[in-house]
Amino acid sequence: MVELKAQTPFGELLPLHIGDMTVAARDLGQLTVLGVFDRAGLSKALEAAHGVALPEPLQSTAEGDAQCLWFGREEALLVGPTPDEALAKHAALVDVSDGWAVAELQGPGAEDVLARLAPVDLRDSVFEPGDILRSQLRDMPASITRTETGFLLLVYRSMAATLVQELRRAMEAVASRR
Amino acid sequence: MRIECPICGSRDRREFYYRGDAIALARPAPDAGDDVWDAYLHLRDNPAGETRDLWQHEGGCGAWLVVTRDTVTHAVHAVELASDVKRAMA
Amino acid sequence: MRIAGRGLVNRDKPVSFTFDGRRYDGFAGDTVASAMLANGQRLMGRSFKYHRPRGVLSAGSEEPNALVTTGVGPASEPNVRATMQEIYEGLAVRSQNAWPSLDLDLMAVNDLASPFLGAGFYYKTFMWPRKFWKHVYEPVIRRAAGLGRLSGGPNADAYEKAYAFCDLLVIGAGPAGLMAALVAARAGADVILAGEDALMGGRLNAENEHVDGQPGHAWAAGVVAELATMDNVRLMPRTTVTGVYDGGMFSALERVNQHRARRGEGAPLECFWRIAAKQSILAAGALERPVAFANNDRPGIMTAGAVRAYLTRWGVAPGKQVAVFGNNDDAHRTARDLAAAGVHVAAVIDSREGVSMEGADFPVLRGAVVCNASGRKELESVTIRTAGGEHKIQADCLAMSGGWNPSLHLTCHLGGRPTWEPDIHAFVPTPGAVPGMHVAGACNGTFSTHGCLAAGVAAAENALEALGRKPEPMDLPQADDAPYNLKPLWSVPGKGRAWLDFQNDVCVKDVQQAAAENFRSAEHMKRYTTQGMAPDQGKNSNVAALAVLADATGRGIAETGTTTFRPPYTPVAIAAMGAGGQGKGFAPERLTTSHAASLAMGAPMVEAGLWYRPSYFPRGQERNWRQSCDREVGFVRKTVGVCDVSTLGKIDIQGPDSAKLLDLVYTNKFSTLKVGKVRYGLMLREDGFVMDDGTCARLGETHYLMTTTTGAAGEVMRHLEFVTQCLHPEWQVHLTSVTEQWAQFAVAGPKSRELLNGLLEQPIDNDSFPFMACGSERLGGVAARLFRISFSGEHAYEITVPARYGAALFDLLVARAEALEGGAYGMEALNVLRLEKGHITHAEIDGRATAGDIGMERMVSDAKDCIGKTMSERPGLRDPERGQLVGLRPVGAVKQLTAGAFLFEAGAEARRENAQGYTTSVGFSPDIGTFIGLAFVMRGRQRHGEVMRMVDHLREIEAEVEICAPVFVDPEGGRARG
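The structure displayed is predicted, hence computed values, not measured ones. (Residues numbered from 1 in each chain as written. Chains lettered and ligands numbered in written order. Predicted model: local features only at pLDDT ≥ 70, side-chain atom pairs only at ≥ 80, totals over all residues.)

Caption draft 1: Layout of the overall build of chain B. Looking only at helices and strands, one finds two helices and six strands in chain B. Along the longest, intermediate and shortest principal axes, the C-alpha atoms of chain B span 40 × 30 × 20 Å. By residue count, 33% of the 90 residues in chain B fall in the buried class. A separation threshold of at least 6 residues defines the contact pool for chain B, and within that pool the share at least 24 residues apart is 51%. (Helix = DSSP H or I, 4+ residues; strand = E, 2+ residues; numbered from the N terminus. Buried ≥ 20, exposed ≤ 12 C-beta atoms within 10 Å, placed from the backbone. Contact = placed C-beta atoms within 7 Å.)

Rendered as structure tokens:
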């Protein structure tokens with residue numbers, strides 16, 4: 001009997017502490033893309049099975065261990081649970097748990113760090129906890145969510161090392177100004 | 001330049017992929033004839049003024065967009081989801 | 001010379017620096033220019049063309065003369081304006097464009113040769129002989145002319161780029177900008193205030209004026225302090241807004257650490273900002289214009305406003321005997337301020353008749369002009385022309401003012417043209433030139449402090465209205481409202497060269513000569529004389545040059561034209577614009593799960609798009625890559641090889657209309673594919689040429705998994721999204737990239753099944769898992785997918801597991817393969833294996849190949865429409881004369897074939913018009929024992945057996961080759977099925 005040992009996307013690269021800021025890997029459990037065919041039906045099924053509604057664009061919903069992130073046009077990401085089979089009637093379900101590297105950036109200056117990497121407006125007046133967007137971190141396709149404690153960043157797993165390198169550079173630059 | 005994505009809001013131009021004239025939505029029938037296909041694929045106006053082009057918010061939500069803009073003033077007049085525009089054509 | 005009790009420098013903080021190795025002392029708050037003037041050092045540079053000695057002209061970013069080099073070695077930075085560089089302890093400054101030294105510059109011989117070096121001299125002088133241009137004239141000119149030099153070494157400094165967003169961007173932190181920012185900030189708007197100077201306040205720091213009963217600089221400091229406490233305000237000192245772009249985008253350069261020696265880990269030298277602002281206020285002030293007269297470039301001659309700035313801001317008297325020359329009341333302030341500070345004013349020379357200057361205890365000459373200046377490295381005297389004749393007066397500094405030009409540059413960046421305003425004899429911004437931009441203060445031609453404060457309020461109110469906010473009521477601070485009163489004076493007639501453009505050494509006579517040679521348009525004059533084309537972009541000279549041109553051509557200034565300003569307002573280092581893009585920052589690196597293992601095995605990595613893939617895996621005795629590659633090819637042909645193919649694009653396609661989508665985008669049918677089967681598919685662009693190829697598996701009734709080539713994954717995904725959103729939004733189908741989800745490995749070779757059966761929980765055989773089958777399997781307790789497909793032509797599989805298990809599976813597969821006398825193979829072997837089978841890559845489907853060209857015209861199904869089908873039937877795309885894919889074998893003793901070489905019929909001359917085709921891919925086949933290749937040859941499929949000559953003109957390689965079928969190994973394809 002063979003055994004396959006699992007590896008995390010960031011391995012030893014995280015956590016990283018620079019100045020008063022920290023970036024750490026996050027394991028959110030199962031990640032499932034929901035390709036929406038029927039919004040109303042899917043939202044109902046989601047609420048019934050996982051307690052979360054289908055989020056509006058640029059929003060996320062959460063209930064207990066389940067989170068649902070808006071993830072693009074006609075697309076959401078179910079975070080945490082294994083999707084209930086009933087969802088398949090209303091959406092394409094695609095397991096992408098291993099496709100994304102997930103990290104959280106925290107600390108004073110986190111917003112300034114992201115201002116060096118993404119061309120999007122993340123001021124707390126316009127981007128509040130629970131808000132989410134799809135953009136690019138440098139040239140890496142990314143999803144950015146503001147959490148109560150920082151920013152949740154998702155990039156392609158293959159780019160995990162580049163994300164850490166870019167975050168390090170931006171964090172050092174921001175820390176040097178403080 | 002900024003484009004107001006109907007889904008994501010105002011975003012920097014670098015998140016968008018530019019394709020070309022929105023005529024691409026009107027794919028001719030296979031037997032429409034050489035002239036129609038030639039016009040569809042190759043013949044383009046070069047107006048000083050309003051154009052409608054297709055962009056994709058590739059670095060964002062992934063939606064294809066029809067952007068109406070002015071080549072002289074660079075003003076963006078309207079941005080619509082290409083899927084909505086195509087449905088309305090039917 | 002420093003004046004006690006004056007200036008805003010910190011006298012408690014002495015700072016020393018060096019200039020050309022000599023130590024100078026100044027204070028915190030000094031610029032290189034102010035500190036050098038305080039030390040009595042006037043000479044700061046040599047001019048571009050004539051190597052004339054030059055001193056500082058201005059006190060701001062428009063400085064044309066005092067360009068220096070800071071730093072040493074690779075960190076040195078040329079063309080730094082001494083007026084902008086703040087001093088810090090240990091700063092090393094060097095002069096530039098002088099040899100052997102600033103004081104003794106032998107290239108100043110150019111100055112003597114100046115009669116031959118006027119406008120257009122090199123167009124006329126260096127015409128013949130033609131070949132001299134490249135090897136004689138150009139190198140000589142380049143050595144003699146020019147400004148600072150780059151070190152040539154890689155720049156180790158850090159730079160950064162950043163984005164900022166605001167409701168209102170205020171550009172300029174003088175009275176108008178500060179007032180506007182204050183009004184907007186108090187109304188709750190998100191405000192960014194960007195000021196070029198280290199110290200906000202603009203002219204309030206340079207003038208001897210009161211605002212609201214306080215000294216101007218103190219009022220400014222108070223406003224800045226209030227703004228600094230507000231959460232909705234971002235103050236950006238040392239930040240020049242350099243460009244205006246569409247949709248409310250601005251670029252700005254922040255000199256983050258240029259004023260500090262110690263910067264700390266990763267601290268950037270400069271930051272290049274992109275600012276998105278809903279509204280903007282331009283409050284960029286105005287630039288004082290010099291007057292052109294003979295030798296007006298002598299060190300010690302500067303603008304009158306700069307003299308006041310050095311006096312008031314830095315507590316420095318730029319001379320002991322200062323003469324003041326002007327055509328407006330503003331110049332009088334300079335004389336008054338100097339006298340009040342105890343500096344000797346030699347005379348005020350006012351070109352206007354009958355102006356009054358009450359209470360002056362210095363000579364005031366009315367209706368007089370300065371017509372010449374003496375003193376080569378330092379001003380010694382000026383010659384004054386009055387109605388009574390000419391006479392010299394002693395002066396070591398001349399403060400001159402030809403009036404002020406509004407800094408309207410940014411209003412022209414979107415194509416706007418300025419408007420001539422006859423009242424102030426200057427261009428002003430044309431209203432509405434930039435959508436959402438309000439213009440306030442001196443940059444709009446309002447020159448009094450009172451007027452600037454009022455304009456700041458008005459601009460802020462307009463911006464707030466557009467933002468849907470209401471201003472709080474506020475009293476306008478009391479301030480000076482002196483009139484300006486200008487009578488134009490552009491140049492003083494007379495003998496000798498009178499400078500317009502100091503930075504590019506363009507004189508009045510050059511512009512006149514341009515007009516005489518019929519370069520009468522402003523744009524032609526500019527290019528012929530190079531006026532305005534130096535790094536300062538003519539900030540000091542454009543209007544005066546236009547005026548001289550207008551005079552020479554008998555037109556008014558407005559009629560003569562305007563100048564166009566483009567970004568950047570001031571020079572921006574490429575390093576700042578490209579910040580973060582050096583080395584590994586150039587593009588993201590995509591690493592496979594086997595990356596670390598490949599490196600540990602010594603594999604050199606090659607880039608494939610953004611991915612890094614192992615080229616080959618060297619072993620002990622192998623001396624070169626070919627030996628490794630040959631061995632790895634042998635693994636696959638004889639035992640079993642393992643290769644990471646995770647980089648291929650994988651697209652999960654689900655929904656009731658999935659089959660319709662695939663039938664439309666592939667030339668062949670996928671609706672007929674059975675669940676559990678894989679099919680090779682060919683995809684065309686709508687113009688009929690091949691876009692990509694790959695396999696597609698049917699995992700369920702409404703569920704497919706498409707693979708693309710590594711390089712075209714993004715393009716194919718975009719294409720599929722286009723088809724589903726733009727052509728068939730009514731279809732229910734969803735696309736998800738799962739490239740990253742799955743680690744995928746090819747297991748190829750006669751022993752591939754043996755290897756897999758040692759791992760899979762349910763072993764397979766040829767019946768349960770025939771060629772082109774796919775299915776779900778398990779190994780090591782993990783759900784895997786297995787595909788029986790072959791790029792090598794051998795009995796082969798591709799197995800995929802969730803990426804977290806990729807590294808473990810790769811190690812396992814390689815270990816098992818090695819136990820079977822096989823092992824890992826890299827890109828080199830992969831390429832040889834596919835070449836031996838004639839399988840195409842993007843070397844063949846390079847955007848110009850049709851299905852017919854690659855011998856796949858039968859894959860374009862007659863039974864259905866597909867993208868590209870109609871256009872692929874165009875006669876030109878079906879022309880039998882088109883190149884057709886063939887194989888190539890060497891004839892005789894051939895050492896090497898090369899890709900990109902041309903093919904010629906035996907005996908034909910190797911010229912373009914004789915080319916019969918070209919090679920696309922080559923490699924050494926260990927099986928065949930020679931090089932083999934693929935090529936496109938006209939009517940190639942009918943020419944198998946024909947011998948041609950391959951000629952690679954670039955690498956100078958020739959070989960005789962035989963055209964053959966593009967399959968070298970196992971032409972019947974039995975091995976893959978076995």
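Caption draft 2: The pairing of strand S38 (residues 703-708) of chain C, seen in detail. Residue and element names in this part refer to chain C. Of all six residues in S38, five are buried, a share of seventy percent or more. Bridge analysis of strand S35 (residues 649-654) against S38 gives six bridges, and the strand direction is antiparallel. Bridging from a neighbouring strand, lysine 650 pairs with threonine 707 of S38. As paired strands, strand S37 (residues 690-700) and S38 are joined by four bridges and run antiparallel to one another. (Pairing = 2+ DSSP bridges.)

Caption draft 3: Representation of the sheet that holds strand S9 (residues 132-137) of chain A in the model. Residue and element names in this part refer to chain A. Spatially, the six strands line up as an open sheet ordered S1-S2-S8-S11-S10-S9, and their pairing is antiparallel. Bordering the open sheet on either side are strand S1 (16-18) and S9, each of which pairs with just one other strand. Taken pair by pair, the neighbouring strands of this sheet meet at an average axis angle of 25°, ignoring direction. Pairing analysis gives five bridges linking strand S10 (residues 140-146) to strand S11 (residues 150-156), with the strands arranged antiparallel. Following the sheet pairing, isoleucine 144 is matched in S11 by leucine 153. (Axes fitted to C-alpha atoms, helices over the stretch in contact; angles between N-to-C directions.)

Caption draft 4: Looking closely at the environment of Leu152(A). All names here are of chain A. Here leucine 152 lies in strand S11. With 21 C-beta atoms counted inside 10 Å, the residue leucine 152 sits in the buried group. Separated by 50 residues in sequence, leucine 152 and valine 102 have C-alpha atoms that sit 7.1 Å apart. What leucine 152 contacts, discounting residues up to four positions off in sequence, is Arg26, Val102, Glu104, Thr145 and Thr147.

Caption draft 5: Up close: the nonpolar core. Core analysis: the biggest nonpolar cluster contains 377 residues, and Val155(A), Ala180(C), Ala184(C), Leu398(C) and Val747(C) have the highest contact counts within it. Looking at which element gives the most residues to this core, the answer is strand S8 (residues 158-171) of chain C, with ten residues. Excluding residues within four positions of it along the chain, Ala184(C) makes contact with Leu168(C), Ala189(C), Val191(C), Ala460(C), Ala463(C) and Leu464(C). (Core = buried A, V, L, I, M, F, W, Y, C linked by C-beta atoms within 7 Å.)

Caption draft 6: Summary view of the sheet that holds S37(C). Residue and element names in this part refer to chain C. The strand order across the open sheet built from five strands is S36-S37-S38-S35-S39, with neighbouring strands paired in antiparallel fashion. The open sheet has two edge strands with one neighbour each: strand S36 (678-684) and strand S39 (734-737). Averaged over all pairs of adjacent strands, the angle between strand axes in this sheet comes to 30°, irrespective of strand direction. In terms of strand pairing, S36 meets S37 through seven bridges, oriented antiparallel. Each bridged residue has a counterpart across the sheet, and for leucine 684 the counterpart in S37 is valine 690.

Caption draft 7: Geometry of the interface of chain C and chain A. In this assembly, 44 residues from chain C lie in contact with 36 residues from chain A. If you tally residues by element for the side of chain C that touches chain A, the top one is S8(C), at seven residues. A per-class count over the side of chain C that touches chain A returns 22 nonpolar, eleven polar and eleven charged. (Nonpolar A, V, L, I, M, F, W, Y, C, P; charged D, E, K, R; others polar.)

Caption draft 8: Helix H11 (residues 522-529) of chain C, seen in detail. Residue and element names in this part refer to chain C. Every buried residue of H11 is listed here: Ala522, Met525, Lys526, Tyr528 and Thr529. On the buried face of H11, the contacting elements are strand S30 (506-507), helix H10 (508-516), helix H12 (542-553) and helix H13 (557-560). Positive phi appears at threonine 530, one or two residues downstream of H11, with a value of about 70°.

Caption draft 9: View of the interface of chain B and chain A. Counting residues at the interface gives ten residues for chain B and ten residues for chain A. Residues belonging to the side of chain B that touches chain A are distributed by class as follows: four nonpolar, three polar and three charged.

Caption draft 10: Molecular detail of the domain arrangement of chain A. Residues and elements named next belong to chain A. Considered domain by domain, chain A is made up of domain 1 (13-27 + 99-177) and domain 2 (30-95). The C-alpha centroid of domain 2 is placed 24 Å from the C-alpha centroid of domain 1. Counting from both sides, the interface comprises eight residues of domain 1 and, opposite them, eight residues of domain 2. For the side of domain 1 that touches domain 2, the elements supplying multiple residues, two or more each, are S9 and S10. (Domains from an automatic or database assignment.)

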